[in-house]
Amino acid sequence: MSHQHHTFHNPPSATPADVRTALDREDISAALNAMVGCALYGDGDWKESQDLYLALLDHNDHQVQTLAATCLGHLARVYGRLDEGLVVAALRERRVRPHVKGTATDALEDIELFLHPQRARWRGRLWRLARPWTWF
């Protein structure tokens, strides 16, 4: 029986062009790293990144679909803006897929938190009032 240690590393900064290049090479691992690097570091145009991630929600690889949802939430945090109606509708539509459901829901929460912090704060307070046993 062997034991493996996995280490976390931040991917390098990337652009939507880097993501497309990796996908064209069919290098999923490099594409996933580029997707995260593009979303986290804010290099490039937010609209171009948003459009890329929206398209990748329908990619044939489940990892790419799932990470695209996560990256849309990151864009809300990094840039503080999105085409909210378009992104929210796309994420809600993709929640029917079991492998995307959790990350799409998390991304929707991130979007609300970073684009509408006051509304998110009030929603949290109301939720705690309605379900007091969740306080601990």
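Anything mentioned here points back to the structure above.
None of these values were measured; they are calculated from a predicted model. Throughout, a residue's number is its position along its own chain's written sequence, starting from 1. Where totals are concerned, whole chains, interfaces and linings use all residues; where local detail is concerned, this predicted model gives features only for residues with pLDDT of at least 70, and gives and counts side-chain atom pairs only at 80 or more. The side-chain figures draw on all heavy atoms in the structure; neither hydrogens nor water molecules are used.

### Notes on the nonpolar core
For soluble globular proteins, nonpolar side chains are generally found buried alongside one another.
Piece 1. If you look at the biggest cluster of nonpolar residues, it comprises 35 residues, and the most contacted ones within it are M35, Y53, L56 and L91.
Piece 2. Counting only elements with at least two residues in this core, the list comes to α1 (16-24), α2 (28-41), α3 (46-56), α4 (62-79), α5 (84-94) and α6 (98-115).
Piece 3. Per-element accounting of this core gives the leading share, 8 residues, to α4.
Piece 4. In this structure L56 touches V19, L23, M35, V64, Q65 and A68, once residues within four positions along its chain are discounted. In plain words, nonpolar cores are sets of buried Ala, Val, Leu, Ile, Met, Phe, Trp, Tyr and Cys residues tied together by side-chain atoms within 4.5 Å. Partly exposed describes any residue whose relative accessible area lies between the buried limit of under 20% and the exposed limit of over 50%, with all areas from a 1.4 Å probe on protein chains only and scaled to the type maximum. Only runs of H or I of at least four residues qualify as helices and only runs of E of at least two qualify as strands under DSSP, and these elements are numbered from the N terminus. In what follows, residue pairs with any heavy atoms lying within 4.5 Å of each other are defined as contacts.

### A word on unusual backbone geometry
Piece 1. Phi is positive for E26, close to 60°, though the residue is something other than glycine.
Piece 2. As for its placement among the helices and strands, E26 is situated in the loop between α1 and α2.
Piece 3. In this structure E26 comes out as exposed when scored by relative accessible area, which is 68%.

### Notes on the state of the cysteines
Piece 1. Sulfur atoms of two cysteines make up a disulfide when they are within 2.5 Å. Enumeration over the complete set of coordinates arrives at 0 disulfides.
Piece 2. The thiol of C38 is not disulfide-bonded; the next cysteine sulfur, from C71, is found 7.7 Å away.
Piece 3. The exposure class assigned to C38 is buried, which follows from its relative accessible area of 0%.
Piece 4. A relative accessible area of 0% means that C71 is categorised as buried.

### Describing the pattern of salt bridges
Piece 1. Salt bridge, as used here: a side-chain nitrogen of Lys or Arg that lies within 4 Å of a carboxyl oxygen of Asp or Glu. A complete count under the given rule lists 7 salt bridges for this structure.
Piece 2. Ionic pairing is found between E93 and R94, a salt bridge with its closest N-O pair at 3.6 Å.
Piece 3. One salt-bridge network, in which partners are shared between bridges, spans D58, E93, R94 and R97.

### Remarks on the packing of α1 against α3
Piece 1. To obtain each axis, a line is fitted to C-alpha atoms, and for helices this fit is confined to the stretch in contact; angles are then taken between N-to-C directions over 0 to 180 degrees. For the pair α1 and α3, interaxial distance at closest approach is 9 Å and the crossing angle is 30°. Here α1 lies roughly parallel to α3, going by the angle between them. Across from P16, V19, R20 and L23 in α1, the residues of α3 making contact are E48, S49, L52 and L56.
Piece 2. Residue polarity follows a fixed list, in which Ala, Val, Leu, Ile, Met, Phe, Trp, Tyr, Cys and Pro are nonpolar, Asp, Glu, Lys and Arg are charged, and the others, Gly among them, are polar. Here the residues of the contact of α1 with α3 sort into 5 nonpolar, 1 polar and 2 charged. Angle categories: roughly parallel below 35 degrees, roughly antiparallel above 145, roughly perpendicular from 65 to 115, and oblique for all the rest.

### Points about the packing of α1 against α2
Piece 1. Where α1 meets α2, the closest approach of the two axes is 8 Å, and the angle between their N-to-C directions is 170°. With respect to α2, the element α1 is oriented roughly antiparallel. Residues P16, D18, V19, A22 and L23 of α1 lie in contact with α2, whose contacting residues are I28, A30, A31, A34, M35 and C38.
Piece 2. The residue makeup of the contact of α1 with α2, split by class, is 10 nonpolar, no polar and 1 charged.

### Some remarks on the environment of A22
Piece 1. Take A22: it is sitting in helix α1.
Piece 2. Between the alpha carbons of A22 and N33 there is a distance of 9.4 Å; along the sequence they are 11 residues apart.
Piece 3. Beyond its immediate stretch of four places on either side in the chain, A22 contacts D27, A30 and A31.

Honestly, it's all geometry; don't read function into it.
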